[in-house]
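Each chain, letter by letter, is given below.
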Amino acid sequence: MSKLNLSIAVGNYDRMRPLVDGEVQIDGVDPVFMLQDPEEIFFRAFRHADYDICELSLSSYSVKTAAGTSPYIGVPVFPSRAFRHTSIYVRSDRGIDTPSDLKGKRIGVPEYQLTANVWARLFLEEDHGLKASDVTWVRGGYEETGRQEKIKLSLPAEVRLEDAPEHSTISGLLAFGEIDAVIGPRAPSCFANGNPLVKYLYDDPQKAATDWYRRTKLFPVMHLLGVRRTLAEQHPWLPGAVAKAFERSKQVALTKLSDTSATKVTMPFVEEQLRAARQLLGDDFWSYGFDANRHVLDRFLARHHAEGLSCRRLKPEELFHPATLERFKI
């Protein structure tokens, strides 16, 4: 019997390379891998369902799942996770010395519903009392004009969201002082290029994120993996096979990363970074699987619905194919 020939779109991460390079196989699948940036994958997946298996924005997928319109069913594989205290950039000449100083300001976002922005708004409100209705949100592309939400939203009336001027980007608006801050998963170019008037909101964002994790035990999930729903219905063994292979690929990547006799990444002090991550998050610091991440997903879904992004309060179990909610043990 021939294998399923399936398209798989993911980011070019170390945890994907064993699969991409053929070192790890997906049972019953002959994959065609496409290594693309998240913006391209998400746009093509949610607008046109271009792929058989792909990385998905947790927020956009939650919008679609709550509405019953997602062409994909989730697998508890999390290609991207990140603490988002490093995702808030502010003007240094606006008196923004603490997060609560953002009240009344104009904040640029590439899209309002991005997963990174949901997590950022969560800790800004819970830790600093800053509500989404306390600021004006300005939506636009980082470096290209005309970016729009990939998912149609129905936000609470008190949330003020406007589009950036037609020929403007949020990086440019921040650089020229026409907005006060930017929140998003990428650094705006004005920050990356060293604009002296643009800085992180948190003086030490890694310390802020570490303190937050110690209090909440939340390592935010950004992306999950999705399988085309019609494929999963036709081949119910497929989601489990995908989860198994991606877990194996991650383990192979971590084994290589831990072998620091010759560093596998272009970064000094990898040993110390790994040691610090394990001390803070445990040995399985980038966990896949449902049980280990149920509390993180539940916290996100509660916030997502409270913000008016999902039309109903999802349970974490609803995000995933039933066969992937538990694992066999030997």
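Scroll up to find the structure this text is about.
Everything in this summary refers to the structure shown in the same document. (Residues numbered from 1 in each chain as written. Predicted model: local features only at pLDDT ≥ 70, side-chain atom pairs only at ≥ 80, totals over all residues. Heavy atoms only, no water.)

1. Quick look at the environment of R214
Here is step 1 of the chain: Assignment of secondary structure puts R214 in helix α7 (residues 205-216).
Here is step 2 of the chain: Residue R214 is classed as exposed on the basis of its relative accessible area, which comes to 54%.
Here is step 3 of the chain: In sequence terms R214 and L281 are 67 residues apart; their C-alpha atoms lie 9.0 Å from each other. (Helix = DSSP H or I, 4+ residues; strand = E, 2+ residues; numbered from the N terminus. Buried < 20%, exposed > 50% of the residue type's maximum accessible area, 1.4 Å probe, protein only.)

2. Describing the packing of aromatic side chains
Here is step 1 of the chain: Summed over the entire model, instances satisfying the criterion amount to 15 aromatic pairs.
Here is step 2 of the chain: Judged by centre distance (5.5 Å) and plane angle (45°), the rings of W119 and F300 are tilted. Of this pair, W119 sits in helix α4 (residues 115-128) while F300 is found in helix α11 (residues 294-306), placing the two residues 181 residues apart along the sequence. By the burial criterion, W119 is buried, and F300 matches it.
Here is step 3 of the chain: Members of the aromatic cluster, connected to one another through ring pairs, are F83, W119, F123, Y202, W212, Y213, F219, W286 and F300.
Here is step 4 of the chain: Just above the ring of W137 sits the side chain of R121; from NZ or CZ to the centre is 5.5 Å. (Phe/Tyr/Trp six-rings, centres within 6.5 Å; stacked < 30°, edge-to-face > 60°. Lys NZ or Arg CZ within 6 Å of the ring centre and 35° of its normal.)

3. Looking at the side chain of R228
Here is step 1 of the chain: The residue R228 is located in strand β11 (residues 221-228) in this model.
Here is step 2 of the chain: Look past the residues within four positions of R228 in its chain and what remains in contact with it is A49, D50, Y51, D52, P71 and Y72. (Contact = heavy atoms within 4.5 Å.)

4. Some details on the sheet that holds strand β5 (residues 88-91)
Here is step 1 of the chain: One open sheet holds the 6 strands; their spatial order is β8-β7-β6-β9-β5-β10, and the pairing between them is mixed. With one partner strand each, in any of the chains shown, β8 (160-163) and β10 (198-200) form the two edges of the open sheet. Direction aside, the axes of adjacent strands within the sheet are offset by 30° on average.
Here is step 2 of the chain: Bridge count for strand β7 (residues 136-139) against β8 is 4 bridges, and the pairing is parallel. (Pairing = 2+ DSSP bridges. Axes fitted to C-alpha atoms, helices over the stretch in contact; angles between N-to-C directions.)

5. A look at the sheet that holds strand β1 (residues 4-10)
Here is step 1 of the chain: Read across the open sheet, the 5 strands follow the order β2-β1-β3-β11-β4; overall the sheet is mixed. At either margin of the open sheet sits one strand with a lone partner, and together these are β2 (29-35) and β4 (72-81). On average, each strand axis in the sheet is tilted by 30° relative to the strand beside it, whichever way the strands run.
Here is step 2 of the chain: Against the sheet, helix α3 (residues 58-67) engages β3 (53-57), β4 and β11, with an angle of about 95° to β3.

6. Concerning the pattern of salt bridges
Here is step 1 of the chain: Per the counting criterion, the structure on display carries 29 salt bridges.
Here is step 2 of the chain: Here E247 and K250 are joined by a salt bridge, their closest N and O atoms 3.6 Å apart. With E247 and K250 both in helix α9 (residues 238-258) and 3 residues apart, the pair spans about one turn of that helix. Neither E247 nor K250 differs from the other in exposure class; each is buried.
Here is step 3 of the chain: Residues D284 and K250 are paired through a salt bridge, measuring 3.3 Å at the closest nitrogen-oxygen approach. (Salt bridge = Lys/Arg side-chain N within 4 Å of Asp/Glu carboxyl O.)

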